[in-house]
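Coordinates in review
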Amino acid sequence: MKEYTQTLVINGNNFNDLDGFYDEVARVFTDGSCPFGRNLDALNDLLIGGNGVYKVGEPVLIKWKNANKSRMDLGYNETAKYYNARLKKCHPNNRDNFTKHLKDAECFTGDTLFDVICKMFDQDKDFEHNCNLMLL
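Residues numbered from 1 in each chain as written. Predicted model: local features only at pLDDT ≥ 70, side-chain atom pairs only at ≥ 80, totals over all residues. Heavy atoms only, no water.

**Regarding the nonpolar core**
Burial of nonpolar side chains together is a common tendency in soluble globular proteins. Counting 37 residues, the largest nonpolar core has Phe21, Phe29, Leu43, Trp64 and Phe121 as the members making the most contacts within it. Secondary structure elements with two or more residues in this core: strand 1 (6-11), helix 1 (18-29), helix 2 (40-48), strand 2 (60-65), helix 4 (76-89), helix 5 (95-106), helix 6 (113-121) and strand 3 (131-135). (Core = buried A, V, L, I, M, F, W, Y, C linked by side-chain atoms within 4.5 Å. Buried < 20%, exposed > 50% of the residue type's maximum accessible area, 1.4 Å probe, protein only. Helix = DSSP H or I, 4+ residues; strand = E, 2+ residues; numbered from the N terminus.)

**Section: the environment of glutamine 6**
Among the structural elements, glutamine 6 can be located in strand 1. Each C-alpha atom of the pair glutamine 6 and proline 59 lies 7.2 Å from the other, and the pair is 53 residues apart in sequence. Sequence-distant contacts of glutamine 6, defined by excluding residues within four places in its chain, comprise Val53, Tyr54, Glu58, Pro59, Val60 and Leu61. A distance of 2.7 Å separates a polar side-chain atom of glutamine 6 from the backbone oxygen of valine 53. (Contact = heavy atoms within 4.5 Å. Polar contact = N/O pair within 3.5 Å; in protein donor to acceptor, adjacent residues only side chain to side chain.)

**Topic: the sheet that holds strand 1**
One open sheet holds the three strands; their spatial order is 1-2-3, and the pairing between them is parallel. Only two strands of the sheet have a single partner each, and these edge strands are strand 1 and strand 3. Going from strand to strand, the sheet's axes swing by 25° on average, the running direction of each strand aside. Examined bridge by bridge, strand 1 and strand 2 share six bridges and lie parallel to one another. Note that in strand 2 the partner of isoleucine 10 across the bridge is tryptophan 64. The strands touched by helix 1 within the sheet are strand 1 and strand 2, with strand 1 carrying the most contacts at an inclination of about 155°. (Pairing = 2+ DSSP bridges. Axes fitted to C-alpha atoms, helices over the stretch in contact; angles between N-to-C directions.)

**Quick notes on helix 5**
Helical periodicity: at 3.6 residues per turn, an α-helix aligns residues three or four positions apart in one direction. Between its first and last C-alpha, helix 5 extends 16 Å over twelve residues, near the 16 Å set by a 1.5 Å rise per residue. Here helix 5 has its buried residues at Phe98, Leu102, Asp104 and Ala105. The buried side chains of helix 5 occupy one side of the element, clustering within an arc of 160° when seen end-on. Away from the buried face of helix 5 by more than 90 degrees, exposed residues Asp96 and Lys103 are located. Buried residues belonging to helix 5 abut helix 4. Where helix 5 ends, the next residue or the one after it, phenylalanine 108, has phi of about 60°, a positive value. (Expected span 1.5 Å × (residues − 1). Arc of directions from axis to C-beta.)

**Points about helix 4**
Taking 1.5 Å per residue, 14 residues should reach 20 Å; helix 4 reaches 20 Å between its end C-alpha atoms and fits that length. Among the residues of helix 4, those classed as buried are Glu78, Thr79, Ala80, Tyr82, Tyr83 and Leu87. Looking at the packing, one finds that the buried side of helix 4 touches helix 1, helix 2, helix 3 (67-73), helix 5 and helix 6.

**Quick word on the packing of aromatic side chains**
For the structure on display, the rule yields 13 aromatic pairs. Ring plane angle 20° and centroid distance 5.7 Å describe the contact between phenylalanine 21 and tryptophan 64, whose orientation is recorded as stacked. Here phenylalanine 21 is found in helix 1, whereas its partner tryptophan 64 is found in strand 2, with 43 residues between them in sequence. Residue phenylalanine 21 shares its accessibility class with tryptophan 64, and that shared class is buried. Among the aromatic residues, ring-to-ring pairing joins Phe15, Phe21, Tyr22, Phe29, Phe36, Tyr54, Trp64, Phe114 and Phe121 into one connected group. (Phe/Tyr/Trp six-rings, centres within 6.5 Å; stacked < 30°, edge-to-face > 60°.)

Below, the structure written as structure tokens:
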């Protein structure tokens, strides 16, 4: 069994949407000294460490309490909202990709934001950080 130097807890009862999730992540993963970009790329950077809570490469367990609530809150409706907003600002080269994800979300298929974020949190998914996720 892997040994973790820290356990961080995200509580799904503390948010209802992606903006609230970003607030929760900033509270849990930073000490307030580094601004958090409030997007998925910035989230991946935050997971690497070095933001005042844990060091780069430090093995960290992330416990996501009330994950079933978050699964609903960050489900297909919030996912469609996210991709619709991204389409308005994205580079033309990304338009087809975001359009596909938007259509999938509108048809209740494909990954939700919850799925995408869970994959990002789990270091076994080829990301550069040393975090693992436990859904509670």
